[in-house]
Amino acid sequence: MFTSDVVMREETLIDGRTGKWEIIIGLEVHAQVTTLSKLFSGAATAFGAEPNTQVSPVDAGFPGMLPVINEIAVEKAVKTGLGLNAVINQVSVFDRKNYFYADLPSGYQISQYTQPIVGKGRMVLDMADGSTREVGVTRLHLEQDAGKSLHDQHKTLTFVDLNRAGVPLMEIVSEPDMRTAEEAGAYLKKLRSILRYLGTCDGNMEEGSMRCDCNVSVRRPGEPLGTRNEIKNVNSIRFVMQAIEIEARRQIEILEDGGVIKQETRLFDPNRGETRAMRSKEEAHDYRYFPDPDLLPLVLDPAMIERVKASMPELPDAKKARFIADFKLSPYDAGVLVAEQSTAHFFEQVAQGRDAKLAANWVTGDLFGALNKLGVGIEASPISADGLGGLIDLIADNTISGKIAKDVFAAMLETGKSAGDIVESQGLRQVTDTGAIEKSIDEILAAHTDKVSEYRSGKDKLFGFFVGQVMKATAGKANPAMLNDLLRKKLAP
Amino acid sequence: MSDFTDLTLATARAGLAAKKFSAVELTQAHVTAIEQNRALNAFITETPDKALAMAKASDERLARGEGGVLEGLPIAIKDLFCTKDILTTAASHILDGFNPPYESTITQKLWDAGANCLGKLNLDEFAMGSSNMTSHYGPVINPWTKPGDNRQLVPGGSSGGSAASVAARLALAATGTDTGGSIRQPAGFCGIVGLKPTYGRCSRWGVVAFASSLDQAGPMTRTVEDAAIMLGVMAGHDPKDSTSAPMPVPDFKAALTGDIRGLRVGIPKEYRVDGMPAEIEALWQQGIDWLKDAGATPVEISLPMTKHALPTYYIIAPAEASANLSRYDGVRFGLRVPGASLDEMYENTRAAGFGAEVKRRVLIGAYVLSAGYYDAYYLKAQRLRTLIAKDFEQAFEKCDVILTPTAPSAAFAIGEKMDDPLAMYLNDVFTVPVNLAGLPGMSIPAGLSADGLPLGLQIIGRAFDEETMIRVAGVLESAATFTAKPYSSLAGRA
């Protein structure tokens with residue numbers, strides 16, 4: 001059940017004491033479906049409400065209560081499936097997964113076992129070097145979340161908050177197609193990006209609306225797959241990458257010491273930088289899955305699937321390809337710009353009718369830097385797309401130089417004024433009057449006759465010195481191209 | 001008027017409409033009858049104040065010329081239906097003190113139609129049983145006894161309190177639920193009419209679940225007409241129950257035309273089971289003859305998979321029950337027996353809260369679903385269930401209704417069959433296949449045994465064709481003229 005047809009790549013191998021190892025990674029992501037109400041009841045799903053204020057008798061497992069499927073959650077699962085290039089199963093079945101726990105009110109979780117709503121799909125990962133990898137998606141199924149046990153509220157008692165009980169989740173299972181922690185990170189980033197584009201999950205890992213279980217095993221290159229361990233409920237991309245590295249190292253050490261890997265479920269402790277056994281295979285639950293007799297098989301209306309298809313937004317991969325083709329951006333820049341829909345939208349507004357390359361540089365360079373410093377997203381950018389466009393226009397029509405533009409940008413951030421206003425009020429308009437520049441050059445050359453001789457006798461490097469001096473004299477406002485041009489002529493022997 | 005309690009839903013409603021008596025008078029007569037017959041143990045919770053208050057409101061509506069189909073009619077509710085702010089127990093210790101914050105769809109429909117609530121009726125614990133012996137609140141006593149033999153008899157189960165209360169004239173009608181025969185078998189044992197509708201005809205929302213794919217609520221009355229009237233109120237699509245059918249509700253009462261000429265009545269040859277008393281065999285033949293006399297044509301049909309029905313049922317029903325009953329864990333409602341850990345609390349609570357039969361079925365259910373046994377038991381049972389349903393489908397190509405005995409025996413004595421669960425399970429041999437196929441079935445009192453106990457005949461209809469079934473039942477009822485009453489042993493009777 002743990003096979004993979006990914007070709008071995010030498011560069012993904014890691015060194016152990018006794019040779020090279022390959023890490024095999026598969027991820028199971030629980031993504032909370034963005035809905036106003038729960039998967040099988042009308043109770044609200046908002047995050048952060050007072051404990052047990054968003055619970056219907058259905059969620060609390062009261063006698064005689066029955067589940068009714070939330071059609072919005074179904075549509076969003078279908079939408080996500082389409083976004084993952086996956087097979088949509090027109091008939092799927094809800095099963096009961098039986099186990100006892102205080103925060104599982106019915107004593108079973110309604111999930112999908114043998115017949116999920118979405119079947120095989122695939123995702124393209126964008127790696128940091130601009131390359132891509134393809135990872136298979138095994139399935140996506142709908143299930144309800146459990147409640148939350150609060151062990152820290154009382155000395156001896158556990159409190160239970162059922163607000164989360166019944167919240168709709170999509171469990172998205174990948175094929176074991178990843179070979180490095182970076183790939184796992186890229187998978188999660190890409191998945192989150194797709195989910196956000198689709199509006200089917202907010203992808204917020206801190207609030208728990210996206211959680212990840214990592215299946216990790218190691219093997220010698222070319223050998224059969226090793227025994228895997230599952231690291232449960234890791235709640236950030238950084239931790240996922242750390243947990244995989246640490247778990248792979250742990251397994252390699254055991255194997256190199258002649259030991260064997262026991263199949264078990266483990267927990268990642270980021271504070272201690274280790275994974276710890278939670279339960280072994282022998283202790284694994286027998287969930288006694290069987291079809292939930294309270295719910296008929298879920299039969300999708302083909303018209304609904306068509307409607308969802310028609311409502312699909314342009315997804316990151318298509319957008320990236322378009323940016324590369326239309327704007328001649330590098331795959332890396334394009335990848336960065338499409339990761340978030342709002343960034344892509346912002347960029348397109350800036351690039352509209354302008355030099356796209358320049359627009360990309362400003363967005364990914366100065367703007368991202370500034371937003372990072374401010375700790376805000378692009379939605380809260382103090383400089384609007386039009387504002388940044390205005391700045392780029394001033395560079396394009398030679399009103400200011402690229403260098404001055406940096407100062408103008410800083411002033412825009414600070415004052416919220418437009419680039420034009422800043423340039424005017426601070427007199428930053430660059431000098432494009434040949435006479436004025438010539439005059440300034442003449443003055444500088446006259447003041448540095450020794451350097452002029454040195455230059456003419458072959459010390460080319462001094463050219464920069466003269467540029468600097470003229471710029472200084474013009475407060476940086478001399479048009480750099482014109483300055484270079486005129487200076488070269490004047491210095492010519 | 002001392003014979004208030006002998007009225008039917010139809011005649012009582014007509015009496016109220018004609019202002020011959022008030023709803024309060026009618027209800028008071030039943031409240032008194034309940035008080036006088038507590039020895040039957042038919043009720044777990046009596047709600048006389050509520051009944052009388054509702055009756056008073058009914059009288060006001062009636063005075064204004066308003067009122068629903070069941071306006072002012074006192075009925076009683078099997079204690080498996082959740083009733084808002086009224087103790088709901090499923091006859092289990094584990095639901096101690098449980099007052100639901102909601103009203104089941106069915107009871108709400110009954111109150112909306114004007115019916116008054118006399119109380120909550122005893123049953124087998126979680127509706128698991130055929131004798132009403134498994135109730136935490138003690139057995140219900142069948143109001144019938146054999147003449148000259150004062151041994152107490154079981155009323156059947158699981159709707160034993162419902163059948164006993166209607167037979168003993170403690171309520172004009174009662175609700176029941178039927179998972180494997182729990183309406184029809186006690187109706188047969190107590191000499192009343194019990195109707196299990198097609199699966200999906202009545203909402204299960206707010207009914208404590210036993211086996212979700214088999215459970216179906218239905219009316220228990222003294223006449224076929226009353227069953228038709230009450231079913232009309234109970235039936236209908238409920239968006240809160242995903243398994244309830246989005247079908248219109250026909251006028252079931254209008255189906256009582258008395259005309260069954262040309263109708264084909266299927267007689268399944270496999271239902272002549274070994275060891276069935278000759279008198280039941282004879283009654284069955286009598287039923288066939290009555291229908292023939294009325295112009296119907298008996299046809300022999302074959303239901304070969306029937307022999308697998310009981311084992312199939314005793315895998316599927318416990319499997320579903322084992323999951324349905326997991327919610328009784330002491331965490332949120334009902335009984336909690338503390339323990340040193342969560343697991344210990346579960347163990348203590350469930351050990352103390354569930355009776356032996358419930359435990360047996362939960363264990364069987366967990367077993368047949370467990371890894372390594374699922375295919376051999378649960379999956380195989382599901383396949384058999386499909387075949388059993390197909391049997392009926394094929395049979396209904398040759399006939400319009402099917403006639404069988406309701407149960408292979410008359411009511412037995414309290415304490416009998418208790419040491420042999422398998423013998424107890426055999427009670428449901430004729431009724432269980434109907435649930436597995438999701439079909440409607442009803443039991444009609446058709447005669448008395450040599451011992452003087454009531455015997456029932458079962459009519460099975462096509463899915464969602466309760467009307468034909470009711471039409472045949474009406475004819476059978478007229479032919480049988482079952483007028484015997486269990487009066488002699490009852491208090492407050494001459």
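No experiment lies behind these values; they were computed from the predicted model shown.

Caption draft 1: Focus on the overall build of chain A. Each helix and strand in chain A was counted, giving 15 helices and 16 strands. For 493 residues, the compact-globule formula gives about 23 Å, and the C-alpha radius of gyration of chain A, at 30 Å, lies well above that figure. With the C-alpha coordinates of chain A rotated into their principal frame, the extents come out at 95 × 55 × 50 Å. The buried share of chain A, reckoned over its 493 residues, is 41%. For chain A, the proportion of contacts with a sequence separation of at least 24, taken over those separated by at least 6, is 68%.

Caption draft 2: Up close: the domain arrangement of chain A. Residues and elements named next belong to chain A. We note that the domain assignment places domain 1 (10–308), domain 2 (339–426) and domain 3 (434–491) within chain A. Centre-to-centre separation of domain 2 and domain 3, based on C-alpha positions: 31 Å. In this assembly, four residues from domain 2 lie in contact with four residues from domain 3. Across the side of domain 2 that touches domain 3, the residue classes break down as one nonpolar, two polar and one charged.

Caption draft 3: Region of interest: the packing of helix 9 (residues 309–324) of chain B against helix 12 (residues 375–395) of chain B. All names here are of chain B. Between helix 9 and helix 12, the shortest axis-to-axis distance is 9 Å and the interhelical angle comes to 125°. Regarding the angle of helix 9 to helix 12, the classification is oblique. At the point where helix 9 passes helix 12, the crossing takes the left-handed sense. In this structure, helix 9 uses Ala309, Thr312, Ile315, Ile316 and Ala319 to contact helix 12, whose residues at the interface are Tyr377, Tyr378, Ala381, Leu384, Arg385 and Ile388. Classifying every residue of the contact of helix 9 with helix 12 by side-chain character gives nine nonpolar, one polar and one charged.

Caption draft 4: Geometry of the domain arrangement of chain B. Residues and elements named next belong to chain B. Structurally, chain B comprises domain 1 (2–264 + 406–489) and domain 2 (307–383). With 27 residues of domain 1 in contact, the opposing surface of domain 2 contributes 23 residues. Per-element tally for the side of domain 1 that touches domain 2: the top contributor is helix 14 (residues 432–437), with three residues. Split by residue class, the side of domain 1 that touches domain 2 holds 15 nonpolar, 10 polar and two charged.

Caption draft 5: The arrangement of the nonpolar core in detail. Ranked by size, the top nonpolar core spans 225 residues in total, and within it Ala77, Ala184, Tyr187, Cys214 and Ile244 of chain A together with Ile75 of chain B carry the most contacts. Per-element tally for this core: the top contributor is helix 2 (residues 181–198) of chain A, with 10 residues. Residues within four places of Ala184 of chain A in sequence aside, it is in contact with Ile25, Leu27, Met178, Cys214, Val240, Met241 and Ile244 of chain A. Formed by 34 residues, the second largest nonpolar core is a distinct cluster that contains Ala334, Ile392, Ala405 and Ile422 of chain A.

Caption draft 6: Summary view of the pairing of strand 5 (residues 193–196) of chain B. Residues and elements named next belong to chain B. Of the two faces of strand 5, the one holding Val193 and Leu195 and the one holding Gly194 and Lys196 are both buried throughout. With two bridges connecting them, strand 5 and strand 6 (residues 216–221) associate as antiparallel partners. Bridge pairing in strand 6 places Val193 opposite Thr221. When strand 5 meets strand 10 (residues 441–448), the two strands line up antiparallel, connected through three bridges. Looking at strand 10, one finds that Leu195 is bridged to Met442.

Caption draft 7: Spatial organisation of unusual backbone geometry. Here the amide bond leading from Gly157 of chain B into Ser158 of chain B is cis, since omega sits at 10°, within 30 degrees of zero. Its location among the elements puts Ser158 of chain B in the loop between strand 3 (116–121) and helix 5 (160–167). One non-glycine residue with positive phi stands out, namely Asn233 of chain A, at about 55°. Summarising the element assignment, Asn233 of chain A is placed in strand 12 (residues 229–234). Given 14 C-beta atoms within 10 Å, Asn233 of chain A falls into the partly exposed group. Phi angles above zero are rare outside glycine, and Arg169 of chain B is one such case at about 65°. Inspection of the secondary structure assignment puts Arg169 of chain B in the loop between helix 5 and strand 4 (174–178). Look at Arg169 of chain B and you get buried, because 25 C-beta atoms sit within 10 Å.

Caption draft 8: Examining the interface of chain B and chain A more closely. With 33 residues of chain B at the interface, the matching set in chain A holds 26 residues. Every element with two or more residues in the side of chain B that touches chain A is listed here: helix 9, helix 10 (342–353) and helix 11 (356–369) of chain B. Ranked by residues supplied to the side of chain B that touches chain A, first place goes to helix 9 of chain B with three residues. Residues of the side of chain B that touches chain A, tallied by class, amount to 18 nonpolar, eight polar and seven charged.

About the cut-offs
- Numbers given to residues run from 1 along each chain, matching the order in which its sequence is written.
- The order in which chains are written sets their letters, starting at A; the order in which ligands are written sets their numbers, starting at 1.
- Residue-level local features of this predicted model are given only where pLDDT is at least 70; pairs of side-chain atoms are given and counted only at 80 or more, and the full residue set underlies all totals for whole chains, interfaces and linings.
- By the criteria applied, helices consist of DSSP H or I runs no shorter than four residues and strands consist of E runs no shorter than two, each listed in order from the N terminus.
- In this setup the radius of gyration rests on C-alpha atoms only. A globule is expected at 2.2 Å times the number of residues raised to 0.38.
- Residue burial here comes from a neighbour count, namely the number of other C-beta atoms, placed from the backbone, that lie within 10 Å of the residue's own C-beta, with 20 or more meaning buried, 12 or fewer meaning exposed, and in between meaning partly exposed.
- Whether two residues are in contact is decided by their C-beta atoms, placed from the backbone, lying within 7 Å.
- Here the limits of each domain have been adopted from an automatic or database domain assignment.
- In this count, Pro and Cys sit with the nonpolar residues alongside Ala, Val, Leu, Ile, Met, Phe, Trp and Tyr, while Asp, Glu, Lys and Arg are called charged and the others, Gly among them, polar.
- Helix axes are fitted only over the stretch in contact, all axes being lines through C-alpha atoms; the angle between N-to-C directions runs from 0 to 180 degrees.
- Under this scheme an angle from 65 to 115 degrees is roughly perpendicular, one under 35 degrees roughly parallel, and one over 145 degrees roughly antiparallel; angles in between are oblique.
- Each crossing gets its hand from how the near helix is turned against the far one by less than a right angle, where anticlockwise is left-handed and clockwise is right-handed.
- Note on definitions: a nonpolar core is a set of buried residues drawn from Ala, Val, Leu, Ile, Met, Phe, Trp, Tyr and Cys, linked by C-beta atoms within 7 Å.
- Strand pairing is assigned whenever DSSP identifies at least 2 bridges connecting the two strands.

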